[in-house]
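Notes for the structure review
Spelled out from the first residue to the last, the chains are:
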Amino acid sequence: RIGEGCSNCCTFCAIPKIRGPYRSRPEADILREIEGLAKQGVKEHILVAQDTSRYGMDFGGGSKLAELMQKAAKIDGVDWLRVLYCYPEETSEQLLDIIANTPNICSYVDLPIQHVNDAVLKRMHRKYDTARYYESVCLLRKSFPGCAVTTDMIVAFPGETEAEFEESLAFIQKCAFADMHIFPYSRRPGTPADTMPGQLSNAVKEDRSRRAIAVAQQMSRAYRESLIGTTQAVLFEEQVLSFYTGHAPNYVRVYAAGEELHNVVKNVKITGLYEDGVFGLIEA
């Protein structure tokens, strides 16, 4: 965890009231923690906060996430470094350049969208519009070919029309996300969205969630199918039935037959889809 709290004040979220404004942890403390974990044999390290892209802004100046990632990636024993919850308005070319040119930074970026209609984004009090978001997606794909871009989306936000929802489905297909988490809007007492007009019924929320999840599943399958025939490095984590399973740098779950693979990185030739991920053969 590289920061606490949040300063974005989205209208659907209670976190700023509960946890306070965003506060970055001192860089030295974070690097010391990562170094200690690496010495214990931890190979993968995930930088996380409510909004990782704001890291260091409260120290003065702009985001210092890129510099933090660069320093963390140089620590001995850090095989993989992953970052979660980068907001599109702070996805700078400097950050993308560091991700693309640092071998042990994973080919994966989680870029929360929440919605893809500009009117809804404004009601949510998000700080970007769909044009800026799509620019970030294109920059990622240009700087980092093959990068897995994932996101979160809220459906049935107060006042969301059927046309706005359909626009959302078209936009996410254009982005071709590797994976998505779909959430029906849930009221939080004390938040501005809780008293907004146009609250939608549970039936509408369930219907739109189901339709969005179906599109997300299609995109996930397409991304996983694109990996067939490729070789992926896999950090194996646990045994499931007769297989070991772990994740590739793109955060796709990989299954393979083998023995004593816990916390071991192996190259795996992907041969097909399996369960929620892909199956492959460990290369000699």
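Residues numbered from 1 in each chain as written. Predicted model: local features only at pLDDT ≥ 70, side-chain atom pairs only at ≥ 80, totals over all residues. Heavy atoms only, no water.

Digging into the nonpolar core
The biggest cluster of nonpolar side chains holds 61 residues, and the ones touching the most others in it are Ile-2, Leu-47, Leu-65, Met-69 and Tyr-133. Per-element accounting of this core gives the leading share, six residues, to helix 3 (residues 65–73). Each residue touching Met-69, except ones within four places of it in the same chain, is listed here: Leu-47, Leu-81, Val-83, Leu-95, Ile-99 and Ile-105. Listed in part, the 17 residues of the second largest apolar core include Tyr-108, Val-234, Ala-256 and Val-268. (Core = buried A, V, L, I, M, F, W, Y, C linked by side-chain atoms within 4.5 Å. Buried < 20%, exposed > 50% of the residue type's maximum accessible area, 1.4 Å probe, protein only. Helix = DSSP H or I, 4+ residues; strand = E, 2+ residues; numbered from the N terminus. Contact = heavy atoms within 4.5 Å.)

What about the layout of surface pockets?
The volume enclosed by the largest pocket comes to roughly 620 Å³. Around the largest pocket, the lining comprises 26 residues; the ones closest to its centre are Phe-12, Cys-13, Ile-15, Gln-50 and Gln-114. Secondary-structure elements contributing two or more residues to the lining of the largest pocket are helix 1 (15–19), strand 6 (148–155) and strand 7 (179–184). Among the residues forming the lining of the largest pocket, the class breakdown is 18 nonpolar, three polar and five charged. Roughly 400 Å³ of volume is contained in the second largest pocket. Forming the walls of the second largest pocket are 19 residues, and the residues nearest its centre are Tyr-108, Thr-150, Asp-179, His-181 and Tyr-251. Looking at the lining of the second largest pocket, the elements with two or more residues in it are strand 5 (108–110), strand 6, strand 7 and helix 8 (202–225). (1 Å grid on protein atoms, 1.4 Å probe; cavity = no way out; pocket = protein on both sides within 12 Å on 5 of 7 lines; lining within 4 Å. Points joined across faces, edges and corners; volume = space filled by probe spheres on them. Nonpolar A, V, L, I, M, F, W, Y, C, P; charged D, E, K, R; others polar.)

Some points on the sheet that holds strand 12 (residues 277–282)
The strand order around the closed barrel formed by five strands is 8-9-10-12-11, and the pairing between neighbours is mixed. On average, adjacent strands in this sheet sit at an angle of 50 degrees to one another, irrespective of strand direction. Across four bridges, strand 9 (residues 243–247) lies against strand 10 (residues 253–256) in antiparallel orientation. Across the sheet, Thr-245 pairs through a bridge with Tyr-255, a residue of strand 10. (Pairing = 2+ DSSP bridges. Axes fitted to C-alpha atoms, helices over the stretch in contact; angles between N-to-C directions.)

Things to note about the environment of Arg-82
Its place among the elements puts Arg-82 in strand 4 (residues 80–83). Separated by 168 residues in sequence, Arg-82 and Asn-250 place their C-alpha atoms 9.5 Å apart. In this structure, Arg-82 is in contact with Glu-44, His-45, Ile-46, Leu-47, Cys-106, Tyr-108, Ala-248, Pro-249, Asn-250 and Tyr-251, ignoring residues within four places of it in sequence. Of the polar contacts made by the side chain of Arg-82, one reaches the backbone oxygen of Ala-248; its length is 3.4 Å. (Polar contact = N/O pair within 3.5 Å; in protein donor to acceptor, adjacent residues only side chain to side chain.)

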